[in-house]
Amino acid sequence: GDAHLGNLLIRGEQGYLIDYAHSGPGHPCADLVRLELSVYLTKFVQLGSEGSLVSFQRDFSRRLSLEDLLTQHASLFGARINRLCLRICVRCRDAAAEVLAAHGLGWEHYTALKLLTAWQCLQIPTRQQFLVRTIISALEFSSIR
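Notes on the structure in this doc start here. (Residues numbered from 1 in each chain as written. Predicted model: local features only at pLDDT ≥ 70, side-chain atom pairs only at ≥ 80, totals over all residues. Heavy atoms only, no water.)

## Examining the overall build of the chain
Then, number 1: When helices and strands are tallied, the chain shows 6 helices and 2 strands.
Then, number 2: Out of the 145 residues belonging to the chain, those deemed buried represent 38%.
Then, number 3: Long-range pairs, those at least 24 residues apart, make up 67% of the contacts in the chain with a sequence separation of at least 6. (Helix = DSSP H or I, 4+ residues; strand = E, 2+ residues; numbered from the N terminus. Buried < 20%, exposed > 50% of the residue type's maximum accessible area, 1.4 Å probe, protein only. Contact = heavy atoms within 4.5 Å.)

## Focus: the nonpolar core
Then, number 1: One finds Tyr40, Leu41, Phe44, Phe56, Phe60 and Leu86 to be the most contacted residues of the largest nonpolar core, which totals 33 residues.
Then, number 2: Mapped onto this core, the elements with two or more residues apiece are α1 (30-43), α2 (50-61), α3 (66-72), α4 (80-102), α5 (108-121) and α6 (129-140).
Then, number 3: With residues near it in sequence (within four places) discarded, Phe60 still touches Glu36, Leu69, Leu86, Cys89, Val90, Arg93, Tyr110 and Lys114. (Core = buried A, V, L, I, M, F, W, Y, C linked by side-chain atoms within 4.5 Å.)

## Let's talk about empty space enclosed by the protein
Then, number 1: For the structure on display, the rule yields 1 cavity of 30 Å³ or more.
Then, number 2: For the largest cavity, the calculated volume is near 40 Å³.
Then, number 3: Forming the walls of the largest cavity are Glu36, Tyr40, Phe56, Gln57, Phe60, Cys85, Leu86, Cys89 and Lys114.
Then, number 4: Sorting the residues of the lining of the largest cavity by element identifies α1, α2 and α4 as the ones contributing at least two each.
Then, number 5: Looking at the lining of the largest cavity, its residues break down into 6 nonpolar, 1 polar and 2 charged. (1 Å grid on protein atoms, 1.4 Å probe; cavity = no way out; pocket = protein on both sides within 12 Å on 5 of 7 lines; lining within 4 Å. Points joined across faces, edges and corners; volume = space filled by probe spheres on them. Nonpolar A, V, L, I, M, F, W, Y, C, P; charged D, E, K, R; others polar.)

## Structural notes on the packing of α1 against α6
Then, number 1: Remark: α1 packs on α6, axes separated minimally by 8 Å, with the N-to-C direction vectors making an angle of 130°. When the axes of α1 and α6 are compared, the pair comes out oblique. In this structure, α1 crosses over α6, and the sense of that crossing is right-handed. Contact residues: α1 offers Leu37, Tyr40 and Leu41, while α6 offers Leu131, Val132, Thr134 and Ile135.
Then, number 2: A breakdown of the residues in the contact of α1 with α6 according to their chemical character gives 6 nonpolar, 1 polar and no charged. (Axes fitted to C-alpha atoms, helices over the stretch in contact; angles between N-to-C directions. Parallel < 35°, antiparallel > 145°, perpendicular 65-115°, else oblique. Left-handed = near helix turned anticlockwise from the far one by under 90°.)

## Some remarks on the environment of Cys92
Then, number 1: Structurally, the position occupied by Cys92 is in helix α4.
Then, number 2: A residue is classified by how much of its surface remains accessible, and Cys92, at 7% relative accessible area, is buried.
Then, number 3: For the pair Cys92 and Cys29, spaced 63 residues apart in sequence, the C-alpha separation works out to 9.2 Å.
Then, number 4: Apart from the residues lying within four places of it in its own chain, the contact partners of Cys92 are Leu32, Leu35 and Glu36.

## Comments concerning unusual backbone geometry
Then, number 1: Even without being a glycine, Arg63 presents a positive backbone phi close to 70°.
Then, number 2: Overall, the relative accessible area of 40% leaves Arg63 in the partly exposed class.

## With respect to the packing of aromatic side chains
Then, number 1: Here the structure, examined in full by the defined rule, presents 7 aromatic pairs.
Then, number 2: With a centroid separation of 5.9 Å and 75° between ring planes, the pair formed by Phe44 and Phe77 is classed as edge-to-face. Linking Phe44 in the loop between α1 and α2 with Phe77 in the loop between α3 and α4, this pair joins segments that are 33 residues apart in sequence. Phe77 matches Phe44 in its accessibility class, with the two residues each being buried.
Then, number 3: Plain terms: the ring middles of Trp107 and Tyr110 are 4.2 Å apart, the flat faces sit at 20° to each other, and that makes the pair stacked. Comparing Trp107 with Tyr110, the two get one shared label, buried. (Phe/Tyr/Trp six-rings, centres within 6.5 Å; stacked < 30°, edge-to-face > 60°.)

## A closer look at α2
Then, number 1: Given a rise of 1.5 Å per residue, 12 residues ought to cover 16 Å, and the 16 Å separating the end C-alpha atoms of α2 matches this to within 8%.
Then, number 2: Of all the positions in α2, only Ser52, Leu53, Val54, Phe56, Gln57, Asp59, Phe60 and Ser61 are classed as buried.
Then, number 3: As for α2, its buried residues are in contact with α1, α3, α4, α5 and α6.
Then, number 4: Arg63 occupies a position one or two residues after α2 and carries a positive phi of about 70°. (Expected span 1.5 Å × (residues − 1).)

Structural data, given as structure tokens:
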């Protein structure tokens, strides 16, 4: 329950989650969703309108491939940092899909956790609140499965 960039150690090409002092049972993909949002909400540079970011989040949550996301939302990924953020977020999302499948859980668990985590992020001042709101708008009334 404490996956964020401050608890990610990078060595070479490998990333390691650290600081398990307060770890415990929880939803199998909750940490992956938190890590995804930690990257997106702290490092992503807002280059598009609210509508374009909502559309991107909908497509992202529909599990479009990295290549399709880069193509369909090219205007959001002019900055190198945004392309790097997207690669990390896609890895977290795809790992969450594997974890859900291994536990016999549907994709709605991912979208529900992402929506809940986004709502919680509204209380964290270091998160880009505009981006948080676009996630909530994309997922709140959708039926992405």
